[in-house]
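Summary of structural features
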Amino acid sequence: MSDCGCHAEAASEAERRILRIALGLNATMFVVGVVAGLIAQSMGLVADSLDMLGDACAYGIALLAWTRSAYFKASAAHWNGTLLVVLGVGVLVGVLWRLVTVATRKAYG
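Residue numbers here run from 1 along each chain, matching the order of that chain's written sequence. In keeping with the predicted nature of the model, local features appear solely for residues at pLDDT of at least 70, side-chain atom pairs appear and are counted solely at 80 or more, and the whole-chain, interface and lining totals rest on all residues. Processing note: side-chain calculations cover all non-hydrogen atoms of the structure and skip hydrogens and water entirely.

A separate point is the packing of aromatic side chains. Within 6.5 Å between ring centres, the rings of Phe, Tyr and Trp (the latter by its six-membered ring) count as paired, and their orientation is classed by plane angle as stacked under 30 degrees, edge-to-face over 60, tilted in between. Tallied over the entire structure, the rule returns zero aromatic pairs. Seen from the ring of F72, R68 lies directly overhead, with NZ or CZ sitting 4.7 Å from the centre. Only when the NZ of Lys or the CZ of Arg is both within 6 Å of the ring centre and within 35 degrees of the ring normal is a charge said to sit over the ring.

Laid out in structure tokens, this is it:
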């Protein structure tokens, strides 16, 4: 049963290199997206960049979990999911904040 093929395992240094490249690209696009979103005052761009941050964190966690135990990998997946929820709630709070401030500005001039 240990060789069921149901657990994804990275087998080579080439796969680690690909993870590092993906981590670097996502981290770079996170920074570019946040800057562009703040300049354009676009919650859509900020939300997209936060998704890239979540992906970058997932790749970073995958690299950390590379040679660790199954418990560590499960725990890492849990924390990555928690991070995504926190980022999503942050985006919702940002959108609600904008709705309230726009409505207040329109109501009071």
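Time to look at the nonpolar core. Joining through side-chain atoms within 4.5 Å is the link that ties buried Ala, Val, Leu, Ile, Met, Phe, Trp, Tyr and Cys residues into a set, and such a set is a nonpolar core. Note on classification: 1.4 Å probe, protein chains only; a residue is buried when its accessible area is under 20% of the maximum for its type, exposed when over 50%, partly exposed between these limits. Core analysis: the largest hydrophobic core is formed by five residues, namely M43, V46, L50, L87 and V91. The secondary structure listing takes helices from DSSP runs of H or I that are at least 4 residues long and strands from runs of E that are at least 2 residues long, numbered from the N terminus. Counting only elements with at least two residues in this core, the list comes to α2 (43–64) and α3 (70–108). For this core, the element with the highest residue contribution is α2, accounting for three residues. Contacts: residue pairs with any heavy atoms within 4.5 Å of one another. Apart from the residues lying within four places of it in its own chain, the contact partners of V46 are G37 and L38.

As a packed pair, helix α1 (residues 13–40) and α2 sit with axes 8 Å apart at the nearest point and diverge in direction by 160°. On the basis of the axis angle, α1 is roughly antiparallel to α2. Viewed along their axes, α1 and α2 form a crossing whose handedness is left-handed. Put simply, Ala, Val, Leu, Ile, Met, Phe, Trp, Tyr, Cys and Pro go in the nonpolar bin, Asp, Glu, Lys and Arg in the charged bin, and everything else, Gly too, in the polar bin. For the contact of α1 with α2, the class distribution of residues is 19 nonpolar, five polar and three charged. Here the axes come from fitting lines to C-alpha atoms, over the contacting stretch only for helices, and the angles between their N-to-C directions go from 0 to 180 degrees. If an angle is under 35 degrees, it is roughly parallel; if it is over 145, roughly antiparallel; if it lies from 65 to 115, roughly perpendicular; otherwise it is oblique. If you view the pair so one helix is near and one far, a crossing is left-handed when the near helix is turned anticlockwise from the far one by less than a right angle, and right-handed when it is turned clockwise.

If you check α3, its first and last C-alpha atoms are 57 Å apart, about what 39 residues at 1.5 Å a residue would give, namely 57 Å. On the buried face of α3, the contacting elements are α2. One less than the number of residues in a helix, times 1.5 Å, gives the span that helix is expected to have.

Every case where a carboxyl oxygen of Asp or Glu lies within 4 Å of a side-chain nitrogen of Lys or Arg is listed as a salt bridge. Tallied over the entire structure, the rule returns one salt bridge. Here R20 and E13 are joined by a salt bridge, their closest N and O atoms 3.3 Å apart. In this structure R20 comes out as partly exposed when scored by relative accessible area, which is 42%. The class for E13 is partly exposed, based on a relative accessible area of 48%.

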